[in-house]
Amino acid sequence: MKILVTGGAGFIASHVSEGFIRAGHSVVIVDDLSTGKRENVPSAAKFLQHDITDFAGMEQIIADERPEIMNHHAAQMDVRRSVREPLFDARVNIVGALGLLELAVKYKVRKFQYASTGGASYGEVDTVPVDETHPTRPICHYGVSKLTLERYLFLYKHLYELNYTVMRYPNVFGPRQNPYGEAGVVAIFALQMLRGDQPTIFGDGSKTRDYVFIDDIVRANVALLEKGDGEILNIGSGVPTSDYQIFELVREAASYRGDPKYAPVRPGEVAHIALDGGRVRIVAGWEPRTSLKDGIARTVESIRQSNACLTNS
Ligand SMILES: NC(=O)c1ccc[n+]([C@@H]2O[C@H](COP(=O)([O-])OP(=O)(O)OC[C@H]3O[C@@H](n4cnc5c(N)ncnc54)[C@H](O)[C@@H]3O)[C@@H](O)[C@H]2O)c1
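These figures come from a predicted structure and were not determined experimentally. (Residues numbered from 1 in each chain as written. Predicted model: local features only at pLDDT ≥ 70, side-chain atom pairs only at ≥ 80, totals over all residues. Heavy atoms only, no water.)

1. With respect to the overall build of the chain
Each helix and strand in the chain was counted, giving 11 helices and 13 strands. For the chain, whose C-alpha radius of gyration is 19 Å, the value lies close to the compact-globule estimate of 20 Å for 313 residues. Each principal axis of the C-alpha atoms in the chain carries an extent, and together these give about 55 × 40 × 40 Å. When the 313 residues of the chain are sorted by exposure, 52% land in the buried category. Sequence-distant contacts, at least 24 apart, represent 77% of the contacts inside the chain between residues at least 6 apart. (Helix = DSSP H or I, 4+ residues; strand = E, 2+ residues; numbered from the N terminus. Rg over C-alpha atoms; globule rule 2.2 N^0.38 Å. Buried < 20%, exposed > 50% of the residue type's maximum accessible area, 1.4 Å probe, protein only. Contact = heavy atoms within 4.5 Å.)

2. Re the site of the ligand
Inspection of the region around the ligand gives 28 residues, with Ile12, Asp31, Thr35, Tyr142 and Lys146 positioned closest. Between the ligand and Asp32, the relevant distance is 3.1 Å, taken from a nitrogen atom to a main-chain nitrogen or oxygen of the residue. The contact in question runs from a nitrogen atom of the ligand to an N or O atom on the side chain of Asp51, over 2.8 Å. Protein chains shield 93% of the accessible area of the ligand, which is 820 Å² for the free molecule. If you list the elements that add at least two residues to the shell around the ligand, you get helix H1 (11-22), strand E5 (111-117), helix H6 (141-160) and strand E7 (171-173). Here the shell around the ligand takes three residues from E5, the largest share from any one element. Residue classes in the shell around the ligand are distributed as 14 nonpolar, 10 polar and four charged. (Near = heavy atom within 4 Å. Polar contact = N/O pair within 3.5 Å; in protein donor to acceptor, adjacent residues only side chain to side chain. Areas by Shrake-Rupley, 256 points an atom, 1.4 Å probe, with all protein chains shown as cover. Nonpolar A, V, L, I, M, F, W, Y, C, P; charged D, E, K, R; others polar.)

3. Remarks on the side chain of Asp89
Among the structural elements, Asp89 can be located in helix H4 (residues 86-106). In this structure Asp89 is buried but unpaired, with Arg81 as the nearest side chain of opposite charge at 8.0 Å. (Lys, Arg positive; Asp, Glu negative; His and termini not counted. Salt bridge = Lys/Arg side-chain N within 4 Å of Asp/Glu carboxyl O.)

4. Examining unusual backbone geometry
Cis geometry marks the peptide bond from Val128 to Pro129; its omega dihedral reads 0°. Backbone geometry places Arg66, a non-glycine residue, at a positive phi of 50°. Within the secondary structure, Arg66 sits in the loop between helix H2 (55-65) and strand E4 (69-72). Positive phi is not limited to glycine here, since Ser255 has a value of about 50°. Its place among the elements puts Ser255 in the loop between helix H9 (243-254) and strand E13 (261-263).

5. Some remarks on the sheet that holds strand E2 (residues 26-31)
Within the open sheet, the seven strands sit side by side as E3-E2-E1-E4-E5-E6-E11. Their pairing is parallel. Edge positions in the sheet fall to strand E3 (46-49) and strand E11 (231-234), since each of these pairs with one other strand and no more. Sheet twist, expressed as the mean angle between neighbouring strand axes with direction ignored, is 20°. For E2 and E3, the ladder comprises four bridges, and the chain directions are parallel. Of the residues in E3, the one forming a bridge with Asp31 is Gln49. Helix-sheet contacts for H6 involve E4, E5, strand E6 (164-169) and E11, and the interaxial angle to E5 is about 155°. (Pairing = 2+ DSSP bridges. Axes fitted to C-alpha atoms, helices over the stretch in contact; angles between N-to-C directions.)

6. Some points on the packing of helix H7 (residues 185-195) against H9
Contact geometry of H7 with H9 gives a least axis separation of 9 Å together with a crossing angle of 45°. Taken together, the axes of H7 and H9 are oblique relative to one another. Between H7 and H9 lies a crossing whose hand is right-handed. Of the residues in H9, those in contact with Val185, Val186, Phe189, Ala190, Met193 and Leu194 of H7 are Asp243, Ile246, Phe247, Val250, Arg251 and Ala254. Residues of the contact of H7 with H9, tallied by class, amount to 10 nonpolar, no polar and two charged. (Parallel < 35°, antiparallel > 145°, perpendicular 65-115°, else oblique. Left-handed = near helix turned anticlockwise from the far one by under 90°.)

7. Regarding the domain arrangement of the chain
Parsing the chain into structural domains produces domain 1 (2-171 + 211-234) and domain 2 (178-210 + 238-276 + 290-310). Look at where the C-alpha atoms of domain 1 and domain 2 centre, and you get two points 25 Å apart. Taken together, the contact pairs 26 residues of domain 1 with 25 residues of domain 2. Across the domain 1/domain 2 interface, buried area totals approximately 2100 Å², and carbon plus sulfur atoms make up 61% of it. In terms of surface lost to domain 2, no three residues of domain 1 exceed Arg80, Tyr211 and Phe213, which account for 39% of the buried area on that side. (Domains from an automatic or database assignment. Buried area = accessible area lost by both parts, 1.4 Å probe.)

What follows is the structure in structure tokens.
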């Protein structure tokens, strides 16, 4: 099948694109390189540098390429930027994405796969882990904007029979995650420790998150090409891991000897979240396979290998 992947120069969707290519599909990547890197794009994929918020340009691309599947990962995904610049966040995550839905209907795309977020959509939760029936109460603009597209997908299926699968991701980690960003604590800690810098934990270390390694996320995307139609699915392990546990696991993998320093919790961050993946196990037979320890070891090794610890860009 021909699959158009947005955001394919970024961390997650570059791996997803590789997974699609390995499964025999042909991949066209659209990315404006705002946070993604050209070198992340698999050589077997066609690459078009383009901003998804440019509707006319995107229409030309879709009209030329005629993809059967749209896999949408491009996003403004910085929680703090979303709070500082809510209009920009909405322009990319809502208006840009809505344009893609319009084009998916017009050009008869078979299915729209959407990379949503569990952590930012549910907000503070009543129980851990949460399943998909739990209320969504985002506490940051990014959570609202990501969730809004889920609502539009439901609407576009209802009105125009656009087929879709929503994947609510947990904290995804692995090679190529930006260690200089604000999010992606495994990569950030790893880089700091490899440089001999003391990592900062925001809060007292007890905040918990659900961590899933990138290879498992790729398997979910591939499996859900043919399954999970019209569904919203948590792609989670259901296991909460604290910031301090992550610190300890990265410390072991990076052979670091120090302790963390602590700073106040940042706005927009929930205290606890883990995503119950029971539904996707039933629908697609998916569950994570890579242990946290192995995934962290591979992530630390990739940062060591890339010499990212020696450069600053
Ligand atoms: N990383 C996580 O743990 C996580 C968790 C939940 C959801 N997600 C979702 O997964 C997706 C990918 O996240 P990631 O961690 O790989 O981030 P990333 O920043 O590495 O990838 C996003 C990609 O989108 C591109 N992009 C941004 N705005 C664009 C625009 N207007 N037009 C075209 N391209 C644009 C960027 O250049 C980048 O390559 C996002 O939609 C994010 O909301 C990620």
